[in-house]
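Structural description and commentary
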Amino acid sequence: MSTEVEKFRYDDDIVRKFVGATLLWGAVAMLVGVIIALQLALPAANLDLPYTTFGRLRPLHTNAAIFAFAGNAIFAAVYYSSQRLLKARMFNDKLSKAHFWGWQGIIVSAALTLPFGITQSREYAELEWPIDLAIAVVWVIFAINFFGTIAKRRERHIYVAIWFYIATIVTVAILHIFNNIWIPAGLTKSYSVYAGVQDAFMQWWYGHNAVAFFLTTPFLGLMYYYLPKAANRPVFSYRLSILHFWSLVFIYIWAGPHHLHYTALPEWASTLGMIFSVMLWMPSWGGMINGLLTLRGAWNKVARDPVLKFFVVGITFYGMSTFEGPLLSIKSVNSLSHYTDWTIAHVHSGALGWNGFMTFGLVYWLAPRIFQTKEIYSKKLAEVHFWLGTIGILFYIVAIYAAGVTQGLMWRAFDESGRLAYPNFVETVTEIIPMYWVRVVGGVMYLVGMLLAAYNVFMTWTKRPEKYDEPVIEAAPLGEDTGPEHAPEPELAKAGGMLPSAYKIAYFVEAKWHRIWERKVFKFTVMTTLAVITASLFEIIPTFLIKSNVPTIASVQPYKPLELYGRDIYIAEGCYNCHSQMIRPFRAETERYGEYSKPGEFVYDHPFQWGSRRIGPDLHRIGGKYSHMWHVRHMKNPREVVDLSIMPAYPHMFDDDIAYDVIQPRVDAMAMLGVPYGEAVNSAEDMARQQAEQIRQEILAEGGPDLKDKDIIALIAYLQRLGTDIFKTPPEGDGAQEPTAAVNH
Amino acid sequence: MGLSGIMGKAGLEIYAEAGLVIFLVVFAAVVWNTFRKGRKEELEEAGRIPLDDFVPVHERPGSQDDDEVTS
């Protein structure tokens, strides 16, 4: 064993930066959250400006909450704890800084694009392709810096928190790459290479695992470091934490098939997927109990320490959300909960309760240490924050659960004569408006708490010493690893009276390789990567098989060029944040919306627009339901047509001109993806102009205004086309190569 | 034929299914290895790592394998 001692210092400057960014972006994310919550209670809060409508701000809120608030918190936690757990300064200070500034640059570019309608419309992956590339670069920088630090570590055993970080870095990279395969159609526009059902599966494979590997594993990693630190005792059972880790990595991804019932997936695999989902209850609750039991005998401390209070409530919410998740994957529950606010309540108990409170605990614990003030500026304020936050969450989720269940039940209610009890969709909206107000109150409380935290940390910072003390740490470098590296020589085994093959079996069964993983980072990472990729293939391959399983419907044709452009407006405005395009085969839905949606209807939908929440009605069969004029009046001001509507007004569509010059490149991009555009590949712009003129004339004929070449014309072209193809007779012969569907009127 | 067609015809499902079985076995082995008696002390020692940030450390005795062939 080496007795030499090396001297080094930890880099806390980078931690201070990430903590500051966490608080800044947290305030922004929650402020935008409160604004959009208010918009649902009070539509005037959309301000009739294009940049501030619900559809454009909601992605800003989710991205800011996930990637800016939680993201920066994760990085702060990782940079502080990894250096200490590995007994090494970060690999390279320049990389740390590049990571920090790069990430903030990405956040700023998100804030500068989403409100302008620059979006891919894939939930939690809305950012357009140039930003996606930047994310990939910054993530690689982070990975090099992190693995570099591990490589020069001075602690042999890699503590479980680091395992969770490794899984995060590897998996997020995989998710990001596979969910962002597109063809650019200009600098701020791209089309997903996947279409319809495939695209939906890809997107929710991403969504499912992003929750696991961005909002769960890194936070568990930080729990396993900071909770013992704050409680000043080791985790209740370290072995349980190892089990927790592997069961999440193995089981979580394998549980994915619960999204894939009724697909090309073999029946046994689908069933196994469901069993795994339910099995997830065990490790998740094991993890929660492991966390809470760490505090055994220290509960008197919890009463006095806001940091521990935040952790305890955070961990409890982890337990709640991971209980509810599998519950929601049960089909009968899902048929009620899907598209309602129940899902919104679920994600907020996770985001506000688990991610938010773990972050606040982390920040309050870190602040006096990184600013070297011994104490936080005001413990009292932190207490107030704790109670404001807790009560705020309760207001929020109780009201929104109630809203979700109420609306879900109203949608499916029939009266005695067998007709829909609430045929008018807006009735089911007005019913829950009071609960939306309660949410606003809860959200404001949570936001105020957040601002208190920012103030408290800021004041702590003002009390910092003139020059930070940078204590010198001493640790011995790692000598040669003397662990069980290779399967011992067969001779040795023979000497012990064992056949070589028997020895190999014993080697495997005794899982000596696992002890090697625990210390050999490279092997460990490779194994984690393999686990993730194999499990993912298992989920993704069936989605590729679906193409052959989706029965093609001969009458379904590509969108005409103008309709495609109109569809892009629909995407840019974020209509999918409020409207689904997926009618489920339940009588309550077919009565309300019409014929249920068939997979074959979406084969040209790059990207899919199924949506996930019905704040407004489903739009899949909106084509032909109303006159052009109805849409003209409704889009200009929904409340002029439907008294109590909470939909934003879109007056700007009546000012903005159709950008005919972008239509050809977009059609070409679609054609590259295999959409049979035929003749339109050469004459998209002309075709668009013709169709626009036709609709303009029709609106005039209905006694409407002259809307020559305005965006609204393209949007109407799209809306009137939606869901109509299956009722048409298929085109004959060569015609199948051309877009033939006509505009309905 | 697009990407989906190629992937669809490549007959890759079997790999995913075999993968599932392999990983299930590996997982079981990990669980067994973690919880078998011999490792309790070593792992509980590792669980204390977060608590000594600032303590100058030498290689931890527990990080050497006491039950293994050492070189």
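Predicted model, so just to flag it, every value in this text is computed and none were measured.

1. Section: the overall build of chain B
Helices and strands together make up the secondary structure of chain B, namely 3 helices and 0 strands. Listing each helix as α and each strand as β along chain B from the N terminus yields α-α-α. Within the span of chain B, comprising 71 residues, buried residues form 41% of the whole. When the accessible surface of chain B is split by element, carbon and sulfur atoms take 65% of a total near 4,100 Å².

2. Digging into the overall build of chain A
Helix and strand counts for chain A stand at 28 helices and 4 strands. Buried residues in chain A amount to 63% of all 745 residues. Sequence separation of 24 or more characterises 81% of the internal contacts of chain A that already satisfy a separation of 6 or more. For chain A, the accessible area works out to roughly 27,600 Å², and carbon and sulfur atoms hold 64% of it.

3. Points about the packing of aromatic side chains
Residue and element names in this part refer to chain A. Tallying each qualifying case throughout the model produces 50 aromatic pairs over all chains. Seen in terms of ring centroids, phenylalanine 310 and phenylalanine 357 are 4.8 Å apart; in terms of plane orientation they differ by 70 degrees. Their pairing is edge-to-face. Of the two residues, phenylalanine 310 sits in helix H12 (residues 306-328) while phenylalanine 357 sits in helix H14 (residues 341-370), which places them 47 residues apart along the sequence. With respect to class, phenylalanine 310 is no different from phenylalanine 357; both count as buried. Lying across the ring of phenylalanine 386, lysine 309 places its NZ or CZ 5.9 Å from the centre.

4. Notes on the side chain of Asp568(A)
Residues and elements named next belong to chain A. Structurally, aspartate 568 is set in helix H22 (residues 561-573). Classification of aspartate 568 by relative accessible area gives buried; the value is 5%. The residues contacting aspartate 568, other than those within four sequence positions of it, are Lys189, Tyr191 and Arg666.

5. Quick look at the state of the cysteines
Residue and element names in this part refer to chain A. Applying the stated criterion to the full structure yields 0 disulfides over all chains. Summary of cysteine pairing: cysteine 575 is not part of a disulfide, and the nearest cysteine sulfur, belonging to cysteine 578, is at 8.4 Å. Residue classification places cysteine 575 among the buried residues on the basis of a relative accessible area of 13%. Overall, cysteine 578 belongs to the buried group, its relative accessible area being 14%.

6. Digging into the packing of H22(A) against helix H27 (residues 680-701) of chain A
Residue and element names in this part refer to chain A. Between H22 and H27, the least distance of the axes is 7 Å, while the angle of their chain directions is 80 degrees. Of the possible angle classes, the one that applies to H22 and H27 is roughly perpendicular. Mapping the contact onto sequence places Pro561, Leu562 and Glu563 in H22 and Ala680, Ala684, Met687, Ala688, Gln691, Ala692 and Ile695 in H27. Tallied by class, the residues present in the contact of H22 with H27 amount to 8 nonpolar, 1 polar and 1 charged.

7. Things to note about helix H2 (residues 54-86) of chain A
Residues and elements named next belong to chain A. Helix length check: H2 (33 residues) gives 45 Å between terminal C-alpha atoms against 48 Å at 1.5 Å per residue, within 8%. Roughly 35 degrees is the biggest bend found in H2, and it falls at alanine 64. In the stretch just after H2, lysine 87 is the one whose phi turns positive, near 55 degrees.

8. Comments concerning the nonpolar core
Counting 170 residues, the largest nonpolar core has Trp103(A), Tyr226(A) and Trp246(A) as the members making the most contacts within it. Broken down by element, the residue count for this core peaks at 18 residues, all from H2(A).

9. Section: the environment of Met459(A)
All names here are of chain A. In this structure, methionine 459 sits in helix H17 (residues 433-462). Looking at methionine 459, the relative accessible area reads 17%, which means it is buried. Expressed as a C-alpha distance, the spacing of methionine 459 and glycine 566, which sit 107 residues apart in the sequence, is 51 Å.

10. Quick look at the packing of helix H7 (residues 217-231) of chain A against helix H10 (residues 281-293) of chain A
All names here are of chain A. The N-to-C vectors of H7 and H10 enclose an angle of 15 degrees; their axes lie 10 Å apart at closest approach. Classified by the angle between their axes, H7 and H10 sit roughly parallel to one another. Crossing geometry of H7 relative to H10 is assigned as left-handed. Touching Met223, Tyr224 and Leu227 of H7 are Gly287, Asn290 and Gly291, all from H10. Of the residues belonging to the contact of H7 with H10, the class tally is 3 nonpolar, 3 polar and no charged.

11. Digging into the pattern of salt bridges
Residue and element names in this part refer to chain A. Summed over all chains, the structure comprises 31 salt bridges over all chains. Taking the shortest distance from any N to any O, the salt bridge between aspartate 341 and arginine 613 comes out at 2.9 Å. Placement of aspartate 341 in helix H14 and of arginine 613 in the loop between helix H23 (587-593) and helix H24 (628-636) is noted, with a sequence separation of 272 residues between them. Take arginine 613: its relative accessible area is 4%, and that puts it in the buried class. With a shortest N-O distance of 3.4 Å, aspartate 618 and arginine 614 are connected by a salt bridge. Assigned by exposure class, aspartate 618 and arginine 614 land together as buried.

12. Let's talk about unusual backbone geometry
Residues and elements named next belong to chain A. Omega for the bond connecting histidine 606 with proline 607 falls within 30 degrees of zero, at -10 degrees, which places this linkage in the cis form. The residue proline 607 is located in the loop between H23 and H24 in this model. A positive phi angle, close to 70 degrees, is found at lysine 374, a residue other than glycine. You can call lysine 374 exposed: its relative accessible area is 80%.

13. Structural notes on the environment of Asn577(A)
Residue and element names in this part refer to chain A. Of note, asparagine 577 is situated in the loop between H22 and H23. Owing to a relative accessible area of 3%, asparagine 577 belongs among the buried residues under this scheme. Along the chain, asparagine 577 and methionine 282 lie 295 residues apart, while their C-alpha atoms are 33 Å from each other. Polar side-chain contacts of asparagine 577 include one of 3.0 Å to the backbone oxygen of glycine 55.

14. Quick look at the confidence of the model for chain B
All names here are of chain B. Looking at chain B as a whole, the pLDDT averages 66, with 46% of positions reaching at least 70. Confidence, expressed as mean pLDDT per element, reaches its minimum in chain B at helix H1 (residues 3-9) with 57 and its maximum at helix H3 (residues 40-46) with 85. Every residue in residues 58-71 is under pLDDT 50, and counting partners more than four places away or in other chains gives 32 contacts.

15. So, a nonpolar patch on the surface
Residue and element names in this part refer to chain A. A surface patch of nonpolar side chains, amounting to about 420 Å² of accessible area, comprises Trp387, Ile391, Phe395, Val438 and Val441. Elements supplying a minimum of two residues to the nonpolar patch: helix H15 (379-412) and H17. Here valine 441 is to be found in helix H17.

16. Brief notes about the environment of Ile35(A)
Inspection of the secondary structure assignment puts Ile35(A) in helix H1 (residues 13-41). Taking the C-alpha atoms as reference points, Ile35(A) and Val444(A), separated by 409 residues in sequence, lie 9.6 Å from one another.

17. Brief notes about the confidence of the model for chain A
Residue and element names in this part refer to chain A. When the pLDDT values of chain A are averaged, the result is 88; 87% of them are 70 or greater. Here residues 483-490 scores under 50 on pLDDT; set against residues more than four positions off or in separate chains, the count is 13 contacts. Counted against residues more than four places away or in other chains, residues 733-745, with its pLDDT under 50, gives 34 contacts.

18. A word on the side chain of Arg153(A)
Residue and element names in this part refer to chain A. You can see arginine 153 is positioned in the loop between helix H4 (129-151) and helix H5 (160-179). On the basis of relative accessible area, arginine 153 is assigned to the buried category, the value being 11%. Of the polar contacts made by the side chain of arginine 153, one reaches the backbone oxygen of glutamate 155; its length is 2.9 Å. At a separation of 3.1 Å, a polar atom in the side chain of arginine 153 contacts the main-chain carbonyl oxygen of arginine 156.

What counts, and where the lines are drawn
- Residues numbered from 1 in each chain as written.
- Chains lettered and ligands numbered in written order.
- Predicted model: local features only at pLDDT ≥ 70, side-chain atom pairs only at ≥ 80, totals over all residues.
- Heavy atoms only, no water.
- Helix = DSSP H or I, 4+ residues; strand = E, 2+ residues; numbered from the N terminus.
- Buried < 20%, exposed > 50% of the residue type's maximum accessible area, 1.4 Å probe, protein only.
- Areas by Shrake-Rupley, 256 points an atom, 1.4 Å probe, with all protein chains shown as cover.
- Contact = heavy atoms within 4.5 Å.
- Phe/Tyr/Trp six-rings, centres within 6.5 Å; stacked < 30°, edge-to-face > 60°.
- Lys NZ or Arg CZ within 6 Å of the ring centre and 35° of its normal.
- Disulfide = S-S within 2.5 Å.
- Axes fitted to C-alpha atoms, helices over the stretch in contact; angles between N-to-C directions.
- Parallel < 35°, antiparallel > 145°, perpendicular 65-115°, else oblique.
- Nonpolar A, V, L, I, M, F, W, Y, C, P; charged D, E, K, R; others polar.
- Expected span 1.5 Å × (residues − 1).
- Bend = angle between axes of the 7 residues up to and from the residue.
- Core = buried A, V, L, I, M, F, W, Y, C linked by side-chain atoms within 4.5 Å.
- Left-handed = near helix turned anticlockwise from the far one by under 90°.
- Salt bridge = Lys/Arg side-chain N within 4 Å of Asp/Glu carboxyl O.
- Polar contact = N/O pair within 3.5 Å; in protein donor to acceptor, adjacent residues only side chain to side chain.
- pLDDT = per-residue confidence, 0-100.
- Patch = residues over 30% accessible without salt bridge, like charges linked within 9 Å, V, L, I, M, F, W, Y side chains within 5 Å.

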